[in-house]
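The lines below spell out each chain.
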Amino acid sequence: MSQRPAPAPDLPSPVLAIESSCDDTACAIVSADGTIMAEATLTQSGHVPFGGVVPEIAARAHLGALPALVRDVLDRAGMKPAGIGAIAASCGPGLIGGLIVGANFAKGLALALGRPFIAVNHIEAHALTARLPGITPDGAPFPYLLLLVSGGHCQCIAVEGVGRYRRLGGTIDDAAGEAFDKVAKMLGLGWPGGPAVEALARHGDPSAFALPRPLMGRTGCDFSFSGLKTAVAQKLAPYDRAALPHDVAAGLAASFQMAVSDIVADRIEHALDMMPDARGLVAAGGVAANTSLRARLTEIARARGLPFAAPPLRLCTDNAVMVAWAAIETMHEARAHGLPVPDDIALRPRPRWPLSDMAARFAPAGTAD
Ligand code: KG4
Ligand code: ZN
C-alpha cells in the first residue's frame, strides 16, 4: 500500500501508546484514522548533571512517571481505560531498562482490558511518522528516503512499505546529535547541546575554523563524526575553556554546524543516488530541528524535484504519537495481508531490533523464521 491507509472502522481504536526507549517518557491516544486525541511527553531532567543519558536514571524515572502520565492522557482525551481499543509500546531498539518498564506497563493494561498489545519498533515509528495525516500534503507515499538523525541514531533508510525497510547506511561511530552534545559540552553550553550550539552558531562565522568532513565523497552513505569532534577539541586546546572568547566559541559552533551540514548533505546525495525510485525525502530525530540542516535538505530535495518533509519538532523527537501511528499502520498492513490484528504480548523488549526483522510480521504463515 503506497498511500496512507483508508480508515478501517472495524480495527481496534483508539490506540494508547507508550514510549520509553530513551530519556523521554511519553503517552498518546490516537484513533485509527490518525486523529491525535491526547498526547504528553515528559523530558527527564535527572541526566543534566551527567551531560548525557544515564540508563539507570532513565528507567527509574519512567517507572515513577508512567502511571500518572497515562492517567493524565486518558483524562485529556476524556476517556476511561475501557474505551481504548488496543495498546502499543516501543519494544526496541533502545535502553533495555526503560523498554521493560514501558512495555510491561502497556502489557499489563492490555491484559487487564482484554485488548491486543502491539510491540512497536522505535525506528519504524520514526520512519512512518511522516505518513500521519496532516503532516505532509501528499501523505508521504512509499517509497521514500528517511534520514534519522538524533542523539542515539544516525542512519539513512529506504522506506518501501510498512515492514519493508532497507538500511542504506549509518554512523560508524557517533550519532549526529551526540556530536552536537559533545561539542556543546566542550563549549560549556550544557545538555542537550544541539539547540545551544545552533543558537551560538548564529553569531559566528562558519568559515572561522577549518574542520574535517569525515567520509565525505566516499561511496555509500555511512557517517562518521568522531574525527570532527576531536578536531573541535584540538581547536579549543590553546584556549582557557573557562574564559573562552565569545567570537572563538561562536566561530567554532558555526564551523562545526557547517561541517555537520556538509557531511549530511553529501551522504544524503549518495543515499538518493542509491534509491532512484524515492518519491520524497523525510527527516526525523532531534537534529532534524536544526534550521541550517533543514535548509540544506530542502535544497537537495528541490534540486531533484522531490518533496522534503520533516514532522513538527514534537513529532520529530521521541514521542508516543509515532508509536501509536506505527501500531495503526501495522494493523492496516496485517489486514491487507489477510492477517489478524497482531498480539505481541509474549514479545520481549530488545535493546537491538533490526528493521529488517519487521517484514516477518506479514510473511505468510509458516514462512517466517
Ligand atoms: O530525537 P531526540 O529528541 O532523542 C533521541 O536522541 O532519540 O534527539 C535529541 C538530540 C540531542 O542530541 C540534541 O542535541 C539534538 O537532538 N538536537 C539538535 C537540535 N535540537 C535537538 N541538534 C542540532 N540542532 C538542533 N536544533
Ligand atoms: Zn528516537
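Here the structure is a predicted model, which is why all the values come from computation and not from measurement.

Conventions and cut-offs
- Residues numbered from 1 in each chain as written.
- Chains lettered and ligands numbered in written order.
- Predicted model: local features only at pLDDT ≥ 70, side-chain atom pairs only at ≥ 80, totals over all residues.
- Heavy atoms only, no water.
- Helix = DSSP H or I, 4+ residues; strand = E, 2+ residues; numbered from the N terminus.
- Buried < 20%, exposed > 50% of the residue type's maximum accessible area, 1.4 Å probe, protein only.
- Contact = heavy atoms within 4.5 Å.
- Phe/Tyr/Trp six-rings, centres within 6.5 Å; stacked < 30°, edge-to-face > 60°.
- Lys NZ or Arg CZ within 6 Å of the ring centre and 35° of its normal.
- Donors = N, O, S within 2.8 Å, 3.2 Å for Na, K, Ca; no water.
- Domains from an automatic or database assignment.
- Buried area = accessible area lost by both parts, 1.4 Å probe.
- Salt bridge = Lys/Arg side-chain N within 4 Å of Asp/Glu carboxyl O.
- Polar contact = N/O pair within 3.5 Å; in protein donor to acceptor, adjacent residues only side chain to side chain.
- UniProt positions renumbered as here; feature names shortened; annotations may be inferred.
- Pairing = 2+ DSSP bridges.
- Expected span 1.5 Å × (residues − 1).
- Near = heavy atom within 4 Å.
- Areas by Shrake-Rupley, 256 points an atom, 1.4 Å probe, with all protein chains shown as cover.
- Nonpolar A, V, L, I, M, F, W, Y, C, P; charged D, E, K, R; others polar.
- Axes fitted to C-alpha atoms, helices over the stretch in contact; angles between N-to-C directions.

Side note on the side chain of E198
Here's step 1: Assignment of secondary structure puts E198 in helix α5 (residues 194-201).
Here's step 2: By relative accessible area, which is 11% here, E198 ends up buried.
Here's step 3: Setting aside residues up to four positions removed in sequence, E198 forms contacts with Q257, A289, N290, T291 and S292.

Brief notes about the packing of aromatic side chains
Here's step 1: One pass over the structure, following the stated rule, counts three aromatic pairs.
Here's step 2: Taken together, a centroid distance of 5.8 Å and an interplanar angle of 15° make the contact between F142 and Y144 stacked. For the pair F142 and Y144, a shared accessibility class is recorded, and that class is buried.
Here's step 3: For the ring pair F223 and F225, a centre distance of 6.1 Å and an interplane angle of 20° mean the geometry is stacked. The two residues F223 and F225 agree in class, both being buried.
Here's step 4: R350 extends its terminal NZ or CZ atom over the ring of W353, reaching a point 5.0 Å from the ring centre.

With respect to the coordination of the zinc ion (ligand 2)
Here's step 1: Around the zinc ion (ligand 2), the protein contributes the donor atoms H122 (NE2), H126 (NE2) and D318 (OD), at 2.1 Å from the metal centre.
Here's step 2: Looking at H126, the relative accessible area reads 2%, which means it is buried.

Some thoughts on the domain arrangement of the chain
Here's step 1: According to the domain assignment, the chain contains domain 1 (15-130 + 316-362) and domain 2 (143-310).
Here's step 2: The centre of domain 1, based on its C-alpha atoms, is set 27 Å off from the matching centre of domain 2.
Here's step 3: Taken together, the contact between domain 1 and domain 2 spans 23 residues of the former and 19 residues of the latter.
Here's step 4: The junction of domain 1 with domain 2 conceals about 1,700 Å² of combined surface from both sides, 71% of it contributed by carbon and sulfur atoms.
Here's step 5: Counting across the interface, domain 1 meets domain 2 through zero salt bridges.
Here's step 6: In this structure, the connection of domain 1 to domain 2 is made through five residue pairs in polar contact (both at pLDDT 80 or more).
Here's step 7: Counting only elements with at least two residues in the side of domain 1 that touches domain 2, the list comes to α3 (122-128) and α10 (321-336).
Here's step 8: The element that contributes the greatest number of residues to the side of domain 1 that touches domain 2 is α3, accounting for six residues.

So, the UniProt feature "domain: Gcp-like" (unreviewed entry) in the chain
Here's step 1: Feature annotation in UniProt assigns "domain: Gcp-like" (unreviewed entry) to the following positions: residues 36-325.
Here's step 2: Its end C-alpha atoms 9 Å apart, residues 36-325 is made of 44% helix and 16% strand.

Re the UniProt feature "binding site: substrate" (unreviewed entry) in the chain
Here's step 1: Under the present numbering, the feature "binding site: substrate" (unreviewed entry) in UniProt falls on L148, V149, S150, G151, G152, D181, G194, E198 and N290.
Here's step 2: Here D181 shows up in helix α4 (residues 176-186).
Here's step 3: Residues within four places of D181 in sequence aside, it is in contact with W191, P192, G193 and G194.
Here's step 4: Position of N290 among the secondary structure elements: in the loop between β9 (281-284) and α8 (291-303).
Here's step 5: What N290 contacts, discounting residues up to four positions off in sequence, is F180, E198 and Q257.
Here's step 6: Here Q257 takes part through its side chain, which lies 3.0 Å from a polar atom of the side chain of N290.

Examining the sheet that holds β9
Here's step 1: Pairing within the open sheet is mixed, and its five strands lie in the order β8-β7-β6-β9-β10. With partners counted over all chains shown, the strands left at the sheet margins are β8 (164-170) and β10 (308-309), one partner each.
Here's step 2: Sheet topology note: the strand β6 (residues 144-149)/β9 ladder contains four bridges and is parallel. Looking at β9, one finds that L145 is bridged to L281.

Side note on helix α1 (residues 55-77)
Here's step 1: Over its 23 residues, α1 runs 31 Å from end to end, which matches the ideal 33 Å to within 8%, given 1.5 Å per residue.
Here's step 2: When α1 is considered as a whole, its buried residues turn out to be A58, A59, H62, A65, L66, L69, V70, V73, L74 and A77.
Here's step 3: G78 lies just past α1 and shows a positive phi near 65°.

What about the site of ligand 1?
Here's step 1: Residues in contact with ligand 1 amount to 18 residues; listed here are only the nearest, G151, D181, G194, E198 and G286.
Here's step 2: With respect to ligand 1, the backbone of G177 contributes an N or O atom lying 3.1 Å from an oxygen atom.
Here's step 3: In this structure, D318 approaches ligand 1 through a side-chain N or O atom, which is 3.1 Å from an oxygen atom.
Here's step 4: For ligand 1, whose accessible area on its own is 550 Å², the fraction buried by protein is 89%.
Here's step 5: Looking at the shell around ligand 1, the elements that each hand over two or more residues are α4 and α5.
Here's step 6: Here the residues of the shell around ligand 1 are counted per class, giving five nonpolar, ten polar and three charged.

Examining the sheet that holds strand β3 (residues 36-43)
Here's step 1: In spatial order, the strands read β3-β2-β1-β4-β5; together these five strands make up an open sheet with mixed pairing. Sheet topology places β3 and β5 (117-121) at the edges, where each strand pairs with a single neighbour. Sheet twist, expressed as the mean angle between neighbouring strand axes with direction ignored, is 15°.
Here's step 2: In this sheet, strand β2 (residues 24-30) lies alongside strand β1 (residues 15-19) in antiparallel orientation, the contact comprising five bridges. When the bridges of β2 are listed, A17 appears paired with A28.
Here's step 3: The sheet strands contacting α1 are β1, β2 and β3, and the helix crosses β2 at an angle near 25°.
Here's step 4: Where α10 meets the sheet, it contacts β1, β2, β3, β4 (86-92) and β5, and its direction lies at approximately 130° from that of β1.

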